[in-house]
Structures are given as C-alpha cells and as structure tokens.
Amino acid sequence: MSEYLLHILILVNIYAILTMSFSLVLGYTGLPCFALPAFFAIGAYSSAFISAAGMPFLLALLLAASISAISAYIMSFPALQMRDEYFAVVTLGFSEMVRLAFLNESARYGSAGDVGIVGVPTPNIFGLDFSSLAAFFGLTLCIMLVVYIVLMRLVSSPYGRVIRAIRDDEDVTDVIGKDTRSYKVQVMMVLAFFCGIAGCLWAHYIQYVHPTQFTPDLLVFVLASVVLFNENSITGAIFGAMFMVAFPEMMRFFGLPESYIGASRLIILGTTLVTIILLRERSRSMGRRNVSAS
Amino acid sequence: MDPTTVVVQIIINIVAAGGAFALVAVGYTVVHATLKFINFQHGYMVALGAYLTYQMAIVWKWNFILSSVLAMILVAALGVLIEKVGYKPLRRASRLTPLLVSLGFASILQGVILVFWGPAVQTYRIPSTPIIVLGAVITSNEILMVLLSLGSLLALHLFLKRTKLGIAMRAVSDNLDAAAIIGINTDRVISSIFAVASALAALAGVLIGLEYFIQPTMGFPIIIRTLAAVTLGGIGSITGAIIGSFVIALVENLGVWFLNPAYREAYAYLILIAALLLRASGMLGGKRDRAA
C-alpha cells in the first residue's frame with residue numbers, strides 16, 4: 001500500500017512541475033503555450049538517450065532541460081506571430097508534430113520507435129543509488145520544491161510584475177518600453193526548461209518512454225489542474241496536480257475496473273475543466289451585471 | 001503501376017475524403033463565424049456520429065439509413081445541449097475561454113466513446129462493389145460518400161439561401177448584434193446553427209466509418225484538418241471551407257503517397273501553421289500577437 005502511495009506522490013511531484021510552470025506561462029503571462037507536451041517529451045527522450053549512452057544522471061537532467069529550452073526558443077519565432085487562441089493552436093500543432101516525429105523517427109536511433117524506449121537506467125547521483133521508491137520520491141520532492149521556490153521568487157519579483165503586465169495589457173507594457181516579445185520568449189524557455197526536467201524524471205521513473213505519453217490529453221490534464229484552483233497561482237498548481245492525479249485513482253477504490261480508468265480520467269479532466277470555467281464565468285458576469293448598464 | 005492509374009486513384013481518394021472533410025469544415029465555419037471561438041469538440045461530434053451509427057447499424061443490426069439519420073439527430077441534439085450548457089454563458093468572455101471549454105468537452109466525448117466502445121479500431125465492414133475506372137478502383141461506398149457529401153452541401157446551400165431559418169442563420173453569423181437588433185431570436189438561431197453543424201459532422205462520421213475505419217482518438221486529427229481547411233479557405237467563408245477541405249485532402253493524399261505515410265496528420269498541421277503564419281504577416285498584428 002505504501003508503495004502505491006509513494007508511486008502516486010512521485011507522479012504528483014512530476015506533474016506539479018509541469019503545472020507550476022504552465023501556471024507561470026498561462027496564468028501569469030497570459031500565454032496559452034500548448035506546446036507543453038512537446039517540451040515534456042523532448043526532456044524525456046533526450047534524457048533517456050543521454051542516460052542510455054552512459055552519462056551521469058545530473059548531466060542528463062541538465063542537458064535534456066537545456067535542449068528543451070532551446071527548442072522553445074526555436075518554436076517561439078513562428079509561434080509568437082499569433083495572437084491568443086491561434087498561438088494556442090500553433091503551439092499545439094508543434095506539440096503534435098514533435099510527437100509524430102518521435103513516433104516515426106526514434107526507430108532510427110537505436111530505440112524501437114513505436115514501442116518506445118525501454119530500460120532507462122535508474123538514476124545514480126554521485127554514487128548514491130536512487131532506484132528505490134522512497135529515494136526517488138525524495139528526489140522528485142526536492143526538485144519540485146526547488147522549482148516551486150524559483151517560480152515563487154520569480155513571480156513576486158519585478159520580473160513577475162512585468163509578465164503580469166503583459167498578461168493584462170500587452171500594448172501598454174510595450175509602450176512603456178518593455179520588450180514584451182523577449183519576455184514571452186524567456187517565459188516559454190523557462191516553461192520548456194522545467195518541463196524538460198520533469199520529462200527527465202519521468203523517463204527515469206517509468207523507465208519507458210513512448211509517444212502516447214505525450215498526447216494532447218496531457219495538455220488537458222495540465223489545463224484542468226491549473227484552472228482548478230486559480231491559473232495564476234503557483235501554489236494552486238501543486239494542489240491542482242494533486243487533485244487531478246488522485247481523483248481518477250480513487251475511482252479504483254470504488255470498484256471501477258482497470259480498463260475504465262483511462263476513460264474515466266478523460267471524463268473527469270474534461271468535466272472539471274468545463275465546470276470550473278463555467279462557474280468562474282458565472283461569478284464574473286454577476287459582478288459585471290452590477291457594474292455596467294448592459 | 002501505370003501513371004494514369006495512380007493519378008486517377010489519387011483523384012478518387014481526394015474527392016471522397018475531401019467531400020467528407022467539407023461537411024465537417026462547413027459546419028465548423030458557420031459556428032466559428034457566429035461565435036468566434038475555436039471549437040475543438042467538433043471533431044468528436046464526427047466521431048460520435050460514426051460510433052453511434054456503428055452501434056445501431058452494425059452491432060444492433062438496424063437498417064443503415066435509419067441508423068445514420070438517428071445518429072445525426074442524436075448528435076444534433078447533443079450539439080444543442082452542449083451549446084446551451086457550455087458556450088452560451090461564455091458569449092461575453094474572451095475567445096480563449098470557450099476554446100478551453102471545447103477542449104474539455106472533447107476530452108469528455110473521447111472518454112465516453114472509450115467507455116462504451118473500447119480503444120480498438122473498428123470498421124463498418126459493409127461490403128461494397130469495386131468499379132474499375134482506367135485501372136483505378138472506386139468502391140461503391142466511395143461513390144456514395146461523394147454523392148452524399150456533395151448532395152448535402154448543395155442542400156445546405158439552398159437551405160441557407162432560400163429558407164427563412166437559413167437566412168436568419170446567415171444574418172446571425174454575419175453580425176450577431178445587428179441580427180438581434182432587427183428582432184431575430186439569436187439564441188434559437190444559434191442553437192439551430194449548432195444542430196445543423198453537428199448533424200453534418202455526424203454525417204461525415206458515418207461516411208468516414210463507411211469507407212475508412214474509426215477509433216476513439218479520431219476526433220482530434222479531424223479537427224486539426226478542419227482548422228487547416230478553414231484557415232486556408234478564409235475564416236468565415238463557406239465556399240472557402242469547401243475548397244480548403246479539398247486542398248487538405250489533396251496535400252494529405254499526395255504526402256502519403258509520395259512522401260512518408262506515417263506523417264499523415266503532420267501534413268495538415270504544417271498547412272495549418274503555414275496558413276496561420278501567412279495570414280499573420282499580412283493582417284493586423286504583424287509581428288506582435290494582439291489581445292483583440
């Protein structure tokens with residue numbers, strides 16, 4: 001039982017890194033960067049290759065995250081030409097193209113392509129073996145907390161004020177002299193870097209990397225988690241991840257057969273997303289009714 | 001293979017596929033022109049139409065035409081329900097919000113399909129007679145697809161031009177507020193728009209199930225192709241959506257035939273991104289994305 005609990009907590013930690021960084025991008029900067037699954041995938045695949053080539057874990061971690069950040073930089077050139085919802089669509093398109101590329105091309109590079117990469121070695125940092133569940137949990141928890149602290153410091157700093165200004169009114173922020181485009185690129189790279197870290201943790205935990213782990217479903221998961229508490233709350237993102245991981249798992253205890261867990265997860269994610277947004281809008285429009293003459 | 005045969009075969013595939021895409025794209029366009037948001041769940045209405053028909057006609061062995069029509073009605077009703085529950089409250093919100101909601105509905109629909117029909121790929125397994133034309137094979141199912149899709153598009157065109165509701169739909173999709181001012185019941189018309197769009201999507205699903213295969217994840221690639229077609233053809237233009245659909249079918253078939261078949265979906269993505277970028281460089285906004 002405690003093994004199961006540790007497993008869930010490890011997943012929560014990894015997903016929390018994703019949701020926190022997505023909260024930074026969507027909630028604080030107003031950028032619906034739907035390329036998140038791609039950054040996660042690039043982190044997972046790169047770290048798997050690097051580790052399999054015999055490199056130490058920490059190196060794989062940093063390299064994978066950096067590769068992910070660089071891909072975000074490249075992606076930002078075409079993507080940032082779009083506004084709001086089309087930015088979302090373009091980044092989602094990139095995400096899917098990356099996934100398709102991994103699906104079809106990884107066969108060439110020593111993994112079994114469609115079957116995914118198997119047998120990623122367990123991490124070994126400075127001679128300490130992290131292959132036990134408890135140790136891995138400790139590792140993910142530490143990294144998650146580091147990411148949390150970094151992001152919290154970031155958003156409460158002057159930098160955080162600028163990106164919130166970009167979210168609230170980009171034109172004004174531009175006019176007062178801030179290079180909004182470069183802030184947006186940076187934020188996307190931060191997202192990618194952390195997603196790359198999460199991807200590396202994922203690859204080394206599940207020890208199996210496969211394109212189906214990086215579909216838009218992951219994006220909906222992150223969206224639902226972030227929206228659940230408040231999209232511009234880093235702390236809320238952690239709780240969101242906790243809830244969205246825990247809820248479908250609880251279905252298991254209500255007797256739901258294993259084969260339906262995946263489907264129930266989709267339904268729960270979708271319903272949460274829809275309900276929260278509708279409830280938010282309801283309370284927002286009540287306020288509106290009191291203020292304006294419409 | 002003899003080059004003429006290849007060309008004819010490709011053309012046939014393109015016309016059949018393009019016709020089905022066009023049904024989806026036209027429905028999507030009208031909804032988008034009216035409510036101005038990107039509706040991701042539209043692709044899953046297609047999937048639902050395909051699966052419902054599968055359930056009725058193949059599993060329960062009802063009459064095929066009856067099943068298709070019933071599926072269309074059910075999906076249309078669902079579309080109206082989704083609009084009332086999910087999109088009507090969001091009419092004054094930013095454009096990103098209904099997009100997120102549509103992703104939510106898409107997720108729910110995919111989950112529901114998985115629950116009822118499982119993750120396996122299915123086909124209708126309706127036998128059709130192949131006809132040889134210049135060495136290429138057309139199946140009677142494909143001919144049915146083309147006739148039905150072109151016929152429906154024609155019917156839709158007449159409906160929009162000649163009937164009172166159709167004209168009201170065009171008014172509402174053109175300018176929602178102006179239509180409300182002149183006394184059109186915009187809520188009812190919007191519901192009808194959703195009903196028609198969903199019904200067309202369901203029909204496309206039936207056609208796809210007839211000739212190709214269906215799987216629970218089919219909704220997403222469909223909506224991507226639709227977005228690509230609509231962006232190419234000009235957002236808000238029905239004729240543009242139709243032309244765009246055939247172009248997408250063309251590129252996809254050419255890509256699959258001559259380049260790498262595994263990247264089938266990627267071709268639509270590429271066109272979508274390219275089309276969006278072209279528009280962005282020519283339209284207001286230019287280098288920066290704007291919040292308008």
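The shown structure was predicted, so the numbers you read here are calculated from the model rather than taken from an experiment.

Description of the overall build of chain A
The helix and strand inventory of chain A stands at 11 helices and 4 strands. Counting across all 294 residues of chain A, residues that qualify as buried make up 55%. Of the contacts formed within chain A by residues at least 6 apart in sequence, a portion of 78% connects residues at least 24 apart. In the structure as shown, chain A presents an accessible area of about 12,100 Å², 66% of it carried by carbon and sulfur atoms.

With respect to the packing of aromatic side chains
According to the stated counting rule, one finds 19 aromatic pairs over all chains in the structure shown. Each ring, one from B:Y87 and one from B:F105, has its centre 5.8 Å from the other, and the planes form 65 degrees; the classification is edge-to-face. Here the residue B:Y87 occupies a position in helix α3 (residues 64–87), and B:F105 occupies one in helix α4 (residues 96–117), the gap between them amounting to 18 residues. Exposure class is identical for B:Y87 and B:F105. Each is buried. An aromatic cluster is defined as three or more aromatic residues linked by ring pairs; in this entry it consists of A:Y15, A:F40, A:Y45, A:F102, A:W202, A:F214 and A:F221.

Things to note about α4(B)
For α4(B), which comprises 22 residues, the first-to-last C-alpha distance of 31 Å matches the rise-based estimate of 32 Å (1.5 Å per residue) to within 8%. Directly after α4(B), the chain includes B:G118, whose backbone phi takes a positive value near 75 degrees.

Quick word on the interface of chain A and chain B
Taken together, the contacts link 44 residues of chain A with 49 residues of chain B. Together, the buried faces of chain A and chain B total about 4,200 Å²; carbon and sulfur atoms form 70% of this surface. Our count for the contact surface shared by chain A and chain B stands at 0 salt bridges. On inspection of chain A and its partner chain B, the count reaches 2 residue pairs in polar contact (both at pLDDT 80 or more). Sorting the residues of the side of chain A that touches chain B by element identifies α4 (84–105), α7 (170–175), α9 (216–229) and α11 (261–291) of chain A as the ones contributing at least two each. Among the residues forming the side of chain A that touches chain B, the class breakdown is 26 nonpolar, 5 polar and 13 charged.

Details of the pattern of salt bridges
Residue and element names in this part refer to chain B. With the rule as written, the count across this model stands at 8 salt bridges over all chains. Residue K88 pairs with D187 through a salt bridge whose shortest N-O separation is 3.5 Å. Of this pair, K88 sits in the loop between α3 and α4 while D187 sits in helix α8 (residues 186–211), and the two are 99 residues apart along the sequence. Using a relative accessible area of 31% as the deciding quantity, one classes K88 as partly exposed. The salt bridge involving R264 is made with E252; its shortest N-O contact spans 2.8 Å. Of this pair, R264 sits in helix α11 (residues 264–282) while E252 sits in helix α10 (residues 238–258); the two residues are 12 residues apart in sequence, bridging distant segments of the chain.

Concerning the confidence of the model for chain B
Regions with low pLDDT carry predicted coordinates that are not meant to be interpreted in detail. Residues and elements named next belong to chain B. Per-residue confidence for chain B gives a mean pLDDT of 85, with 94% of residues at or over 70. Counting interchain partners and residues more than four positions distant, the pLDDT-below-50 stretch residues 283–292 has 22 contacts. Predicted complex, confidence summary: ipTM 0.87, pTM 0.89.

Cut-offs used in this document
- In this convention, every chain numbers its residues from 1, walking through the sequence in written order.
- Chains carry letters and ligands carry numbers; both start at the beginning, A for chains and 1 for ligands, and go up in the order they are written.
- Two thresholds apply to this predicted model, a pLDDT of at least 70 for residue-level local features and 80 or more for giving and counting side-chain atom pairs, whereas whole-chain, interface and lining totals are computed over all residues.
- Only hydrogens and water are set aside when side-chain values are computed; all heavy atoms of the structure are taken into account.
- Numbering of helices and strands starts at the N terminus; helices are DSSP runs of H or I of at least 4 residues and strands are runs of E of at least 2.
- Remark: exposure states derive from per-residue accessible area (1.4 Å probe, protein chains only) relative to the maximum for the residue type, with buried under 20%, exposed over 50%, and partly exposed in between.
- Working rule for contacts: check all heavy atoms of both residues, and any pair within 4.5 Å makes them a contact.
- Every accessible area reported is derived by Shrake-Rupley at a probe size of 1.4 Å, with residue values counting cover from the shown protein chains alone.
- Stacked, tilted and edge-to-face pairs are distinguished by plane angle, under 30 degrees for stacked and over 60 for edge-to-face with tilted covering the rest, among Phe, Tyr and Trp rings (Trp via its six-membered ring) whose centres lie within 6.5 Å.
- Expected helix span is given by 1.5 Å per residue-to-residue step, counting one fewer step than there are residues.
- Once two parts are put together, the accessible area they lose, assessed with a 1.4 Å probe and summed over both, is termed the buried area.
- Salt bridge, as applied in this entry: a Lys or Arg side-chain nitrogen positioned within 4 Å of an Asp or Glu carboxyl oxygen.
- By the criterion applied in these results, polar contacts are pairs of N or O atoms within 3.5 Å in which, for protein atoms, one can donate a hydrogen and the other can accept it, and in which residues neighboring in sequence qualify only through two side-chain atoms.
- In this classification, the charged set is Asp, Glu, Lys and Arg, the nonpolar set is Ala, Val, Leu, Ile, Met, Phe, Trp, Tyr, Cys and Pro, and all remaining amino acids, among them Gly, are polar.
- Every residue gets a pLDDT, meaning the predictor's confidence in that residue, from 0 to 100.

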